[in-house]
Amino acid sequence: TSFGFTSVGEGQKQALVDDVFHKVAERYDLMNDLMSGGMHRVWKDAFVSWLAPPRGSARNWRLLDVAGGTGDIATQVVRRSDETVSAVVCDINNSMLEVGRERADKNGLSALIEFTQGNAEDLPFPDRSFDAYTIAFGIRNVPDIPKALREARRVLKRGGRFLCLEFSDVDVPGLDRVYDAFSFNVIPPMGRWVTGDGDPYQYLVESIRKFPHQERFADMIREAGFENVSYRNYSGGIAAAHSGWKF
Ligand code: SAM
């Protein structure tokens, strides 16, 4: 069964994405570990290292983590820093945010991480409010990506940093075929096995296929007005991080 994402309009796409994450919220963290063989932790770790949140800075530094889900990026960022660094996790889906809130409480981090419902295409924050904007495995789900990129720029302060982590194009011969076979034949059945429903994972695999190549996505970030745009591949391009600055 396929989600048939090729034929749906933008409004419908968001509704389907919302449905996917309502269904998987409770098991989202477990599924991430299973499906990536723990690799998502390594990528997120490298990603946060590239962001390099300040330590011992004289002023408060604020991160906005969009499509932040259960708060993996925000958690790593505040853990690596001190209390001058805080984060807002913004996600369209309350089920994901609820899991994140509980986890932040459990980790004693709720004073440093705030959870706010909102749409990446229309962020509920004033202009120039954040020092950094991150979006990890989220932008692929947003129907109007150029709009989300313009919003990212709007809420950043001058000198602010945009960083995006996303599944990307594998550029290692051989690995691409193994990865293709794995994603189409292993991911949906594994999803059905753990959550009782394979459709959300069929969608996941299809949406990864449709996402623009590293170079094309870098151009889209430039088109939104960011400067010094660059990217890094992780695991041969299974994932890639893109960086840009608002000057
Ligand atoms: N960033 C987290 C991580 O890396 O584990 C969660 C990533 S999860 C694959 C994608 C998230 O994007 C979901 O929590 C979903 O609710 C959120 N999302 C989808 N469409 C969105 C939108 N238009 N605005 C904000 N968040 C959205």
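Residues numbered from 1 in each chain as written. Predicted model: local features only at pLDDT ≥ 70, side-chain atom pairs only at ≥ 80, totals over all residues.

An unreviewed UniProt entry annotates the protein chain as Ubiquinone/menaquinone biosynthesis C-methyltransferase UbiE of Roseibium aquae. Reading the Function (unreviewed entry) entry of the UniProt record for the protein chain gives the comment "Methyltransferase required for the conversion of demethylmenaquinol (DMKH2) to menaquinol (MKH2) and the conversion of 2-polyprenyl-6-methoxy-1,4-benzoquinol (DDMQH2) to 2-polyprenyl-3-methyl-6-methoxy-1,4-benzoquinol (DMQH2)." (UniProt positions renumbered as here; feature names shortened; annotations may be inferred.)

Participant: Tell me what's going on with the site of the ligand, and back it up with residues and numbers.
Facilitator: Near the ligand you find 21 residues, and of these Ala67, Gly69, Asn93, Ala120 and Ala136 are the closest. Only helix 1 (10-24) and helix 4 (72-80) provide two or more residues apiece to the shell around the ligand. Ranked by residues supplied to the shell around the ligand, first place goes to helix 1 with three residues. (Near = placed C-beta within 6 Å. Helix = DSSP H or I, 4+ residues; strand = E, 2+ residues; numbered from the N terminus.)

Participant: Which residues make up the UniProt feature "binding site: S-adenosyl-L-methionine" (unreviewed entry) in the protein chain, and what values do they have?
Facilitator: Taken from the UniProt record, the annotation "binding site: S-adenosyl-L-methionine" (unreviewed entry) applies to Thr70, Asp91, Asn119 and Ala120. Residue position: Thr70 is located in the loop between strand 1 (61-66) and helix 4. Given 24 C-beta atoms within 10 Å, Thr70 falls into the buried group. Setting aside residues no more than four positions away along its own chain, Thr70 makes contact with Tyr28, Asp29, Met96, Val99, Gly100 and Arg103. In this structure, Asn119 sits in the loop between strand 3 (113-117) and strand 4 (130-136). Overall, Asn119 belongs to the partly exposed group, with 18 C-beta atoms counted inside 10 Å. (Buried ≥ 20, exposed ≤ 12 C-beta atoms within 10 Å, placed from the backbone. Contact = placed C-beta atoms within 7 Å.)

Participant: So what's going on with the pairing of strand 1? Which residues, and what values?
Facilitator: Successive side chains on a regular strand alternate, one facing one side of the sheet and the next facing the other. With six bridges connecting them, strand 1 and strand 2 (residues 85-91) associate as parallel partners. Residue pairing in the sheet places Trp61 in a bridge with Val85 of strand 2. This β-α-β element, strand 1 to helix 4 to strand 2, shows right-handed connectivity. In the sheet, strand 1 pairs with strand 4 via four bridges, with the strands oriented parallel. (Pairing = 2+ DSSP bridges. Right-handed = clockwise from strand over helix to strand, strands pointing away.)

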